[in-house]
Each structure stands twice: as structure tokens, then as C-alpha cells.
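Listed below are the residues making up each chain.
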Amino acid sequence: MTIAPCYLLPSLPEPLAGLAELALDLRWSWSHAADVLWERIAPELWQATRNPWLILQNVSNEVLDRLSQDQAFVALLDHFIAGHRQRLAAKTWFSSSYPQPPFGQVAYFSMEFGLSEALPIYSGGLGILAGDCLKTASDLGVPILGIGLLWQQGYFRQSLDDCGRQQEFFPYNDPTQLPVAPVRDQHGEWLRVELPFPGRSVLLRAWEAQIGRVKLYLLDSNDPLNSPADRGITSELYGGGPEMRLQQEICLGIGGWFLLRRLGIQPEICHLNEGHAAFAILARAHSHMRDHGTDFRCALTATRAGNIFTTHTPVAAGFDRFAPELLARYMEGAPQAFGVDSDTVLALGRENPDDPREPFNMAWLAIRGSILVNGVSRLHGAVSRRIFQPLFPRWPENEVPVTHVTNGVHTPSWDSQDADRIWTESCGKERWLGDLQDIESRFQSVTDQALWALRANARQQVIGFARTRLERQSAAAHADEETVQRAGLALDPNALTIGFARRFTAYKRPNMLLADPDRLYRLLTHPHFPVQLLIAGKAHPQDGAGKVMVQQWTQFIHQHPELAGRVVFIADYDMLVAEQLVQGVDLWINTPRRPWEASGTSGMKVLVNGGLNLSELDGWWAEAYAPELGWPLGDGQEHDTDLAWDAHEAEDLYRLLEEEVVPLFYHNRDANGCPCGWVAKMRASMSRLTPRFSSNRMVREYVEQLYLPAVQIAAARAGRSQVERICQWQGEIAQHWERIHFGELQISQDAGMLHFQVPVYLNDLDAAGIAVELYALATEGQNDEVLSMTQGEALEGAVNSYSYRCEIAARRPASDYTPRIVPRMAGCQVPMEAQQILWYR
Ligand SMILES: *Cc1c(COP(=O)(O)O)cnc(C)c1O
């Protein structure tokens with residue numbers, strides 16, 4: 001396979017050929033070394049877009065000819081190309097930690113990827129996480145590739161009309177303007193995959209983006225050979241109705257897997273970022289069937305060991321569900337496509353496989369087809385265990401097999417130039433590429449003065465950005481000239497600057513600061529200790545309540561012209577706006593209703609830049625917060641949509657700002673005007689939280705806690721006989737489970753020891769396929785306990801029945817303990833792969 005190096009590029013003079021290599025590698029989105037090159041080529045366009053690919057699209061042959069004669073420029077280009085290649089070939093964390101690579105490839109499936117505004121195929125946090133994950137895989141040398149869809153419109157763009165109402169626009173993503181290239185097959189032909197759809201097939205074109213060492217493959221359906229309706233499947237991210245969504249998910253999961261096959265890539269791990277991609281499980285199992293001539297069940301058992309599912313949803317209602325009739329229509333061809341009838345497929349997405357009316361739940365499919373499952377923060381792990389409990393009936397909630405890997409952000413993508421300098425001086429240039437061991441201690445060499453100067457400069461920068469945006473917005477909304485001019489003077493470079501930017505939707509409570517407008521007004525207009533606010537956020541086009549909340553802010557600003565310089569709503573929240581805000585603000589506020597913010601990542605982006613967090617004790621902040629690091633909101637409990645509680649928290653938010661945040665910022669300043677208490681919090685937050693909530697830590701945890709264990713499990717069932725053994729065991733368990741039972745439990749106590757003994761009647765089940773355990777529930781001060789009972793002598797006068805025993809120190813009353821029987825099989829995950837459990841009662 002060859003890949004066209006240039007796509008719709010001007011023909012570059014030979015000495016400049018390297019420009020395409022640099023422009024097509026999205027590494028430029030976080031590594032700014034080569035920025036000077038682009039600035040030299042087209043200074044104005046560079047300032048406006050920061051998009052090297054766009055610059056190459058627009059540059060004239062004349063300029064190119066001139067630059068190709070410019071020896072200094074060519075030398076500089078050669079220098080960057082050499083540096084680029086050298087970096088790509090350098091040793092990495094992964095290659096040093098695992099000289100014998102434990103796996104060859106991880107395929108990371110995601111509906112959206114937020115890598116850069118130059119490739120706008122994301123809507124929010126989920127996509128940014130996926131983008132940060134690929135960037136980090138490149139940094140650390142972890143062999144991950146991305147699989148996604150090339151959205152023709154991506155997510156909508158926002159502007160505000162004269163009355164401050166959200167307007168939505170869907171600009172077309174012209175693929176020739178995006179830093180992606182068509183994937184070509186060995187004959188130089190554009191690679192397409194063909195998907196069976198009801199009554200037709202749909203062609204998907206393959207594209208690829210380069211992100212340092214990592215490739216992202218994207219599929220789109222906008223092929224002239226498809227019907228007009230099918231051409232639009234990959235048109236709008238999260239647009240259209242349920243059928244369109246189903247089509248998109250089929251394209252992602254099945255199309256993505258087909259593409260890997262066409263490319264000859266055999267990933268050991270498929271990592272499903274959210275349930276959208278779960279159909280990959282079916283396609284992968286079917287490939288296995290065909291390659292090994294097994295049945296579907298065995299193929300699923302064999303391939304499951306290499307599937308990992310990351311759930312991001314904090315409420316069960318958030319999962320994608322499809323009407324059974326709709327799914328059945330798309331699964332008509334299932335026997336040919338997956339070698340299995342559609343009822344079997346449908347059963348995989350149901351809580352009760354036998355209920356034909358139950359909708360098909362993508363998360364259920366994802367769980368049933370994966371070996372390891374994780375939530376995205378400690379709290380979200382616990383919440384997910386509760387949500388997935390119905391699939392593991394009678395298992396204690398904390399044994400529901402969902403762990404967590406807390407999200408992190410790609411620090412180099414979100415730090416400012418000034419922050420980068422300070423971190424480089426204290427912790428070295430390679431600080432985010434290793435295991436982050438000494439970061440906290442090394443950072444202490446930074447002086448208070450340097451930290452405070454960082455804030456002052458950053459504030460000034462973000463104010464400059466906000467002014468430009470505000471001028472543009474005012475002019476676009478037909479404001480009079482005076483208002484437009486005033487916009488250029490908005491905000492005070494020495495005032496405490498608070499940022500609040502996120503999706504506007506009810507659970508994020510983006511209007512909490514407006515609960516008491518007079519009180520907010522007093523905070524903003526304090527004669528000595530004023531506060532200023534930068535707000536941004538889009539409401540989903542179908543979220544009426546979210547749009548109302550956007551308008552509440554814009555109206556508040558309209559009604560108080562005197563506040564125009566103190567509160568700015570920046571339209572069209574995107575990665576560029578986010579980058580400016582997280583670099584510039586002193587304080588980041590986040591007010592979700594617990595536990596609906598599965599993790600949240602925007603607050604992590606301020607850490608490296610010295611911004612502090614004031615946030616609900618939800619998602620990542622519930623595990624990050626300590627009094628010396630920032631401020632907590634809420635009581636760490638769930639209150640659902642209790643409006644009285646919302647009011648109570650708003651009250652708390654004002655109080656925190658008035659009594660703690662504002663005084664810490666303005667009081668106790670030293671002779672140089674540096675607020676010692678504030679800077680101490682900055683230091684603690686930067687040094688302790690930045691490494692912990694980086695995607696470096698996150699990706700290393702994925703490797704160590706999920707990928708490696710999964711690869712080991714998969715290796716243990718590489719042979720057909722092992723897989724058949726597991727399937728046979730599962731069948732026997734299912735067949736005989738209802739008939740196994742306990743005899744009478746006997747407990748005695750002596751010398752501080754408790755002795756438990758219980759007969760177990762196993763029907764025809766082999767005793768090697770089960771385990772008998774003693775279980776005690778967690779109580780205050782005691783963890784839950786699971787103790788193994790030992791198989792003793794066969795019971796006389798009974799068939800296949802044994803006595804099981806256990807002895808323990810009598811620290812708890814004997815009545816705390818209950819025997820139970822669970823399936824057990826070496827190399828198998830229980831309860832993931834066998835949900836039975838029998839309790840003694
Ligand atoms: C980081 C980011 C998000 C996610 O922020 P949350 O705090 O998780 O809501 C959404 N949109 C953009 C543009 C971002 O940069």
C-alpha cells in the first residue's frame with residue numbers, strides 16, 4: 001500500500017517538498033518549534049488560522065519559488081525535517097519500558113476525535129479525550145491507532161444574534177482543506193470498504209491523518225457511488241434521528257473493523273471509546289469465525305479477550321438504545337455478515353435476552369463483548385458499577401466488573417508558551433514524555449515571583465483575545481460604533497479573572513452564578529476587589545433549555561451595559577477558545593450536578609497554566625480536591641434535580657467567592673504585590689495535580705492496567721482448544737446451575753477462631769469449574785471480605801457432593817458471613833464471562 005504524500009497540494013519545488021511532511025503531521029498542533037516556518041510563508045494567514053495545511057493550500061507558486069531560492073529558509077526547513085524524523089525515531093517510554101513489545105497494535109475506536117480546529121470532527125469532551133489520547137500515544141510511543149468517521153460538517157458553529165440568542169451554522173468540512181490524505185491500496189486506488197446495508201451496500205472512503213507516531217483512520221460515506229441518502233450518513237456528528245445514528249455506528253464499528261482487515265492490520269486490542277463503536281465486536285468475532293472455522297460463540301469468546309470498553313455515561317438513560325424492529329432490519333443480513341442469526345445479535349444488547357420488546361442497548365453489547373471495562377474517574381467507576389449492576393444480577397455492586405482510569409489531558413496541547421518555559425526551566429524539556437516521577441519536587445524550584453508573573457501575563461493575553469472576539473461579535477450583531485470600540489477596552493488586566501466554559505445543558509447548571517443577579521453584580525463591581533467573568537458555551541441545537549441558559553447570560557450582559565467590560569460571553573466555544581481561556585483565567589468554575597459529570601476535563605487544562613479550580617465534588621475533582629489545592633462545591637452527595645439544593649449550592653458558590661476566593665486573591669500581598677496565599681495554592685495545584693491529571697498518566701494506566709492484562713488473557717486462549725474448553729465450561733455452568741444447592745451450614749467457634757463448614761451438591765457440574773466462598777458485606781470500618789472455602793471430602797451417600805470449609809479469626813460475628821458459589825475457570829473473568837452466583841440463605 002502506498003499513500004499519496006500530497007493531496008491537492010500545489011506542486012512543491014523540490015527543496016520545499018518537506019513542507020508537506022510537516023503540514024500533514026498534526027504534531028504541529030502541540031509542538032510549536034516549526035511555527036516560524038509557516039509564519040514566514042504567510043504571516044497573516046498564519047495569525048488567523050494557525051493551520052499549516054491551509055497555508056500550503058493557499059500559497060502561490062510565486063512565493064514557493066522565491067522561498068525555494070532562499071537558502072536560509074531551505075536550511076531552516078531541512079533542520080526541522082531532520083529534527084522531526086529524529087524525534088519520531090527516538091526512544092520512548094514504551095520502547096524503554098518494554099524492550100520486547102507485549103502487543104503490536106491497539107485500535108482505538110471513537111465517534112469523535114478532537115485533535116485541532118484544523119480537523120473539526122468532534123463535539124466536546126469525549127472527542128477531546130480521544131484526541132489527547134492519540135497525541136499521548138505518540139509521545140509515549142504506545143502503538144495505538146485511531147478509527148473514526150470523517151464528518152462532513154462536524155459539530156455546529158455558534159453565533160449570537162442581536163438579542164443574544166444562539167444561532168447555529170454547519171459549515172462544510174471540505175476534505176481537501178483538512179490535514180488528511182486518502183488511503184490508497186497497493187494499486188494506487190483509493191481504498192474503500194463496502195458495508196452490507198438492507199437492500200444495498202454502502203461504500204466508505206478511507207482517509208488517514210498523521211499525529212506524530214500515530215495514525216488516525218477516518219471513514220466517510222460521501223462517495224458519488226452511494227445513494228444521496230447514504231452519502232449523508234457521515235454528514236453531521238450527533239445529527240439526524242435514531243436510524244441515522246444506527247447507520248453511523250455501523251459505519252464506525254463494522255466499517256472500522258473492515259478497514260483494519262483491508263489494511264492487513266491485526267490489532268491485539270480493540271479499545272471502544274464509549275458504546276458507539278460496539279458493533280466492532282460483532283465484526284471482529286465474525287472475522288475470527290471465518291479465519292478459524294469456529295462458531296459465533298467460540299469466536300466471541302476468543303476475541304472478547306482483546307476488547308476493552310471505556311464507558312463515559314453517568315446515567316443509564318444516556319446509553320444509545322435502538323428499537324428492536326430497527327435493529328432487526330439492519331441485522332437481516334446478519335447470517336451472512338456475522339455468521340449468526342439476528343436474534344442472537346439482538347440478545348447481546350438486552351438486559352433480558354429473552355424479551356423481544358426490550359430495546360437494543362449499545363452499552364450492553366459493549367460489556368458483553370469486552371473483557372475489561374472502565375469508567376473515567378474513581379466516582380464514575382462506582383456510578384458505572386451501579387448502572388451495570390442489572391447485567392450481573394445478585395452480585396454485590398462493588399464486584400460488578402467495572403474499574404476506572406481517570407481521564408487526563410495532553411498537557412503540551414493546553415499549556416501556554418510562558419507556562420511551557422517555566423516548566424522547562426524547572427522540570428526539563430522531556431518532562432511529559434517519561435513517568436513523571438520527580439515533577440512535583442522539581443517544580444518547587446520555581447519562585448513565587450515567577451508564578452505570579454505567569455498569571456499576570458496570561459491574564460493580559462486572554463484579555464487581548466477576548467477583546468478581539470468581542471469587537472468582532474459586536475460588529476456582527478450590528479452594535480453601534482461606540483459599543484464596538486468599547487469592546488476593545490473591555491476587562492481589567494489586574495482583576496481576578498474567572499472562566500466558565502462548557503456545553504450549556506441543564507445538568508451543568510451554567511447559570512448558577514445568575515441565581516442572585518444582584519449579588520453577582522456586587523461581586524463584579526466591587527470598588528477595590530472586582531471580579532471579571534469570561535463565559536463560553538454552546539447548547540445542542542435540540543436542547544431548548546440549554547439555549548435559554550445561553551440567553552440568560554447574554555441578556556444579563558445586555559441589561560447592564562455598565563458591565564460590558566466585566567462579563568464577556570465569547571461565542572462559538574471550540575478548542576481555540578478553550579485553549580485561550582484555560583491559559584488565561586485565574587479561576588475555573590464548574591457546577592455540574594453530581595454525579596453527571598463522569599470526569600470533566602476542562603478544569604484539568606488550567607492546572608499546567610496555574611489556574612485554580614472551584615468545582616462541584618464530582619468527576620475528577622471529587623478525587624483531586626484537597627483544601628490546599630482549590631475549592632469544593634456541594635456536599636459530595638447526590639441531590640438529583642432538587643431545585644432547593646441548586647439554590648443552596650448557588651448560595652455556597654457566592655459565599656466561597658466573597659469570603660475565600662476574592663480575599664485570597666487581593667489580600668496579604670507582599671511588597672512586590674504578590675498574593676502569597678494565592679500563589680501557594682497555585683504552586684500546590686500545579687505541582688501535584690498537573691502530572692496526576694495528565695493523559696500521560698492516563699495512557700500509561702491504560703497500558704498497564706487494561707491492555708497488558710487483556711493481552712495476557714487473550715494469549716491464554718490463543719489456541720482453539722482453550723477457547724472450546726471455556727465455551728464448554730460456560731455451557732455446563734448454564735445447564736446445571738439451577739440444580740446445584742447447599743446443605744446446612746455449620747459454624748463453631750474455639751480459641752478465637754470461627755469454623756465454617758457447608759455441604760455443596762453439584763448435580764453434574766465438575767467441582768473444578770466452581771468456587772465456594774465466604775462473603776461478608778462491608779460495614780463501617782470493615783471492607784467487604786471474600787474468602788475461599790476449601791473443598792473437603794466427598795459426602796457419603798450423595799453423588800458429586802462435597803463439604804467445603806473455612807477457618808478465620810473471629811474478628812466479626814459469624815452471622816456476617818454467607819457462603820456462596822461462583823463459577824471459576826483459569827484464564828476466565830468472572831463475573832464478566834459467567835454471571836451465575838448462588839447464595840446460601
Ligand atoms: C476540554 C473541552 C471540553 C470538555 O470540557 P468539560 O469540562 O469536560 O465539559 C469541551 N469542549 C471543548 C472545546 C474543550 O476544549
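Residues numbered from 1 in each chain as written. Predicted model: local features only at pLDDT ≥ 70, side-chain atom pairs only at ≥ 80, totals over all residues. Heavy atoms only, no water.

*Asks:* Would you mind going over the nonpolar core with me for this structure?
*Replies:* Buried together is how nonpolar side chains tend to be arranged in soluble globular proteins. In terms of nonpolar packing, the biggest core is built from 130 residues, with Val142, Phe279, Val703 and Tyr707 touching the most fellow members. Looking at this core element by element, the count peaks at ten residues for helix H30 (residues 695-716). The next biggest cluster of nonpolar side chains, apart from the first, holds 58 residues, and it includes Trp452, Ile498, Phe504 and Phe665. (Core = buried A, V, L, I, M, F, W, Y, C linked by side-chain atoms within 4.5 Å. Buried < 20%, exposed > 50% of the residue type's maximum accessible area, 1.4 Å probe, protein only. Helix = DSSP H or I, 4+ residues; strand = E, 2+ residues; numbered from the N terminus.)

*Asks:* What am I meant to see in the UniProt feature "domain: DUF3417" (unreviewed entry) in the chain here?
*Replies:* When the UniProt feature table is mapped onto this chain numbering, "domain: DUF3417" (unreviewed entry) sits at residues 12-119. Secondary structure over residues 12-119 splits into 56% helix and 6% strand, and the C-alpha atoms at its two ends are 23 Å apart. (UniProt positions renumbered as here; feature names shortened; annotations may be inferred.)

*Asks:* Where do I start with the sheet that holds strand S20 (residues 587-590) in this structure?
*Replies:* Pairing between sheet strands relies on hydrogen bonds along the backbone, with the strands arranged either parallel or antiparallel. With parallel pairing, the six strands of this open sheet are ordered in space as S19-S18-S17-S20-S21-S22. A single partner strand is all that each edge strand has here, and the edge strands are strand S19 (567-570) and strand S22 (630-633). The average undirected angle you get between the axes of adjacent strands in this sheet is 20°. Running at roughly 70° to S19, helix H21 (residues 448-476) makes contact with strand S17 (496-501), strand S18 (531-536) and S19 of the sheet. On the sheet, helix H24 (residues 544-559) packs against S18 and S19 and is oriented at approximately 140° with respect to S19. (Pairing = 2+ DSSP bridges. Axes fitted to C-alpha atoms, helices over the stretch in contact; angles between N-to-C directions. Contact = heavy atoms within 4.5 Å.)

*Asks:* Just to check I follow, could you spell out the packing of H21 against helix H29 (residues 676-692) for this structure?
*Replies:* Any two packed helices are characterised by the angle at which their axes cross and by the distance between the axes. It is the contact of H21 with H29, at a shortest axis distance of 10 Å, that shows an interaxial angle of 90°. It follows that H21 is roughly perpendicular to H29 by the angle criterion. Of the residues in H29, those touching H21 at Asp448, Leu451, Trp452, Leu454 and Arg455 are Trp678, Val679, Met682, Arg683 and Met686. Of the residues belonging to the contact of H21 with H29, the class tally is seven nonpolar, no polar and three charged. (Parallel < 35°, antiparallel > 145°, perpendicular 65-115°, else oblique. Nonpolar A, V, L, I, M, F, W, Y, C, P; charged D, E, K, R; others polar.)

*Asks:* I would appreciate a short explanation of the UniProt feature "modified residue: N6-(pyridoxal phosphate)lysine" (unreviewed entry) in the chain in the present structure.
*Replies:* Per the UniProt entry, the sites bearing "modified residue: N6-(pyridoxal phosphate)lysine" (unreviewed entry) are Lys605 in this numbering. Structurally, lysine 605 can be placed in helix H26 (residues 602-607). The contact partners of lysine 605, leaving out residues within four places of it in the chain, are Ile128, Val409, Trp414 and Val582.

*Asks:* Would you take a moment to explain helix H23 (residues 517-524) for this structure?
*Replies:* It helps to recall that an α-helix has 3.6 residues per turn; residues three or four apart then point in one direction. What H23 keeps buried is the set Arg519, Leu520, Leu523 and Leu524. Buried residues of H23 fall within an arc of 140° about the axis and therefore sit on the same side. Seen from the buried face of H23, the exposed residues on the opposite side, beyond 90 degrees, are Asp518 and Arg522. On its buried face, H23 sits against S18, H24, S19 and helix H28 (643-666). (Arc of directions from axis to C-beta.)

*Asks:* Would you explain the site of the ligand in this entry?
*Replies:* Neighbouring the ligand are 14 residues; Lys508, Ala578, Thr601, Ser602 and Lys605 lie closest to it. Here an oxygen atom of the ligand sits 2.7 Å away from a polar atom, N or O, in the side chain of lysine 508. Here an oxygen atom of the ligand and a side-chain polar atom of serine 602 are 2.5 Å apart. In isolation the ligand has 390 Å² of accessible area, and contact with the protein removes 93% of it. Counting residues per element, the ones that place at least two in the shell around the ligand are helix H8 (125-140), helix H25 (575-584) and H26. Class assignment of the residues belonging to the shell around the ligand gives a composition of five nonpolar, five polar and four charged. Both domains that furnish three or more residues to the shell around the ligand are identified here as domain 2 (104-407 + 708-714) and domain 3 (492-690). (Near = heavy atom within 4 Å. Polar contact = N/O pair within 3.5 Å; in protein donor to acceptor, adjacent residues only side chain to side chain. Areas by Shrake-Rupley, 256 points an atom, 1.4 Å probe, with all protein chains shown as cover. Domains from an automatic or database assignment.)

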